[in-house]
Amino acid sequence: MKNIFPKDFIWGTATAAYQIEGAWNKDGKGESIWDRFCHEEGNILNGDTGDVACDHYHKWEEDLDLLKDNNIKHYRFSIAWTRIIPNGTGDTSAAGIDFYSNLIDGMIERGITPWITVYHWDLPQALQDKGGWTNRESVEWFKNYVATLVDLFGDRVNDWIIFNEPSVHSWLGHGLGFHAPGFNEESTYLKALHHINLSIAEGYRTAKSIRPNLNVGSSYTLLPTYPENENNDEDVTATKRMFEIWNTNHFDPLFTGAYPAFIQEKMGNIMQDGDDAKLQENLDFIGVQHYNALHSTHSESHIFNVFFGEKPKGIPQTDYGWMIQPDDFEKCLVWLSDHYDLNKKNIPIVITENGAAFTDPVVDGACNDERRIDYLSGYIGAVEKAIKQSAPIQGYFVWSFMDNFEWADGYSQRFGVVHVDYDTMKRTPKKSLLWFKDFTEKH
Ligand code: NOJ
């Protein structure tokens, strides 16, 4: 295929604080909802926790060297709120600030552009004790946190992602209880959904009010949903709800100030006068994260009667059981661009995550993850096809730079282009990293 990626196309890799750092209670770091959730028995596969994770907190220089040696020019990482402000509001921690300050300087010294994710799901437990995202005050807590980070790092970091995958945090964390903080009620979902959406737009405005020239966006899941049984009306309705939960419950308020009708009716007084205007914002870019397509089924025991359904047989899958269908990715990107008129609004898309879990082992010092190479080349091909159909895509980040803690599934899934041996903490670049280096150098 003829190369259509422009010279300044952004190629990078991504991680998140809780998934790699470890040092969960070192140097004055406060407890987060993920620390708490993992320490409660039965929440995480095999009882895994992020207490040590990849020990990136101590091995960050080695990790940055690996990025540099493999010519990765952009690196997306997240900041743990509890390292900077251990109780969520109030005093900051000098040690936490130093850690990220050194990390950022270390990237700049190595010619790597830092992309900060402000929030990747690890709310301070002290704020959860006050209701967390179900409390409308969360919007003010979050604005204060954003302002603190921009004051600290806005001189050195230009590219900011306000919030990571609000859909997963609201539904899996507040509607199903599979993720921290572990709630599974309609009302907790609705409150968290609305306060998170408000926080994204308000967080954007806070950052821009301090440093108008920053490039500030936010990252969203984007995926198609299909009925488990297309001849079953209840499954078809569940599929519509599933699409809203993952996509339009976040994009619609951002672009139109209103929720899809089904949710808008349920909001009641959670939504206050004037909120429609506050929800809307033209971000500087939309971060898109795509992995999978979801099949949906009617379920009486889950909120909105929606749950994950059986997948059809015969479609290739990753080791996580996620479907490999690059065409879906292409269609979703074109839909997003057309449906919300991104070209007219002059809002670009950056793919801030895409990747696959394959558990290939290290043999004789090498990890030959051919399946990941096939996956990445297929999905990057889909990006290319979407660009040809005018989707304004500016960049692509592989998830993940290294194997890490995959939330409720602990260490069972390996998404990295670098292998991590959790016994020795040894890092081994996989074949896919070398492939990515080579590919991006040519493109
Ligand atoms: C999206 C999340 O942002 C990331 O934390 C997670 O590991 C990947 N998806 C894979 O599930």
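Just above sits the structure.
Sequence order as written defines the numbering, with residues in each chain counted from 1. Thresholds applied to this predicted model are a pLDDT of at least 70 for local features of residues and 80 or more for the giving and counting of side-chain atom pairs; totals over whole chains, interfaces and linings are not thresholded and use all residues. Values reported for side chains reflect all heavy atoms of the structure, with hydrogen atoms and water molecules removed beforehand.

Chemist: Account for the overall build of the protein, naming residues and giving values.
Modeler: Per the secondary structure count, the protein includes 16 helices and 13 strands. Taking 443 residues into account, the globule formula puts the C-alpha radius of gyration at 22 Å, and the protein, at 20 Å, falls close to it. With the C-alpha coordinates aligned to their principal axes, the bounding extent of the protein is approximately 55 × 55 × 45 Å. Only protein chains enter the accessibility calculation, which uses a 1.4 Å probe. A residue is then buried if its area is under 20% of the maximum for its type, exposed if over 50%, and partly exposed in between. By residue count, 62% of the 443 residues in the protein fall in the buried class. In short, Shrake-Rupley with a 1.4 Å probe defines the accessible areas, and a residue's cover is counted only from the protein chains shown. Of the accessible surface of the protein, which amounts to about 16,600 Å², a share of 46% is contributed by carbon and sulfur atoms. A residue counts as positive if it is Lys or Arg and as negative if it is Asp or Glu; His and the chain ends are not included. Here the site of a charge means NZ on Lys, CZ on Arg, CG on Asp, or CD on Glu. Charged side chains of the protein number 39 positive and 65 negative; the gap between the two group centres comes to 5 Å. Secondary structure follows DSSP: runs of H or I at least 4 residues long count as helices, runs of E at least 2 residues long count as strands, and numbering of each begins at the N terminus. In this setup the radius of gyration rests on C-alpha atoms only. A globule is expected at 2.2 Å times the number of residues raised to 0.38.

Chemist: Could you give an account of the sheet that holds strand 1 (residues 10-14), with specific residues and numbers?
Modeler: With parallel pairing, the eight strands of this closed barrel are ordered in space as 1-2-3-4-5-7-10-11. In this sheet, neighbouring strand axes are inclined to one another by 25° on average, regardless of whether the strands run parallel or antiparallel. Pairing of strand 5 (residues 215-221) with strand 7 (residues 285-290), which is carried by five bridges, proceeds in the parallel orientation. Residue pairing for strand 7: Ser-219 is matched across the bridge by Gly-287. Two strands qualify as a pair provided that DSSP identifies no fewer than 2 bridges between them. Simply put, an axis is a line fit to the C-alpha atoms, just over the touching stretch for a helix, and the angle between two N-to-C directions goes from 0 to 180 degrees.

Chemist: Account for helix 15 (residues 370-388), with residues named and values stated.
Modeler: For a helix, the expected span equals 1.5 Å multiplied by the number of residues minus one. In a regular helix each residue adds 1.5 Å, so 19 residues correspond to 27 Å; helix 15 covers 27 Å between its end C-alpha atoms and thus fits that length. Residues of helix 15 that are buried: Arg-372, Ile-373, Tyr-375, Leu-376, Tyr-379, Ile-380, Gly-381, Ala-382, Val-383, Glu-384, Ala-386 and Ile-387. Buried residues in helix 15 make contact with strand 1, strand 7, helix 13 (326-339), strand 10 (349-354), strand 11 (393-399) and helix 16 (431-442). Throughout, a residue-residue contact means that at least one pair of heavy atoms, one from each residue, lies within 4.5 Å.

Chemist: Lay out helix 3 (residues 56-69) in plain terms, naming residues and giving numbers.
Modeler: A residue's bend is simply the angle between two axes: one fitted to the seven residues ending at it, one to the seven starting at it. At Glu-62, helix 3 shows its maximal bend, which comes to roughly 35°. Along helix 3, the residues classified as buried are His-56, Tyr-57, Trp-60, Asp-63, Leu-64, Leu-66 and Leu-67. A positive backbone phi angle near 60° is found at Asn-71, which sits one or two residues after helix 3.

Chemist: Describe the pattern of salt bridges, with residues and values.
Modeler: Here a salt bridge means any side-chain nitrogen of Lys or Arg lying within 4 Å of a carboxyl oxygen belonging to Asp or Glu. Evaluated as defined, the whole model comprises 24 salt bridges. With its nearest N and O atoms 2.8 Å apart, the salt bridge here joins Arg-36 to Glu-31. Residue classification places Arg-36 among the partly exposed positions, given a relative accessible area of 32%. With a relative accessible area of 27%, Glu-31 lands in the partly exposed category. Put simply, Arg-110 and Asp-65 hold a salt bridge, and the shortest N to O gap is 2.8 Å.

Chemist: Please give an account of the pairing of strand 5 that cites residues and values.
Modeler: Among the seven residues of strand 5, six are classified as buried, and the element is accordingly described as predominantly covered. Across four bridges, strand 4 (residues 159-164) lies against strand 5 in parallel orientation. Looking at the pairing, Asn-164 lines up with Ser-219 of strand 5.

That's the geometry; what it means functionally is another story.
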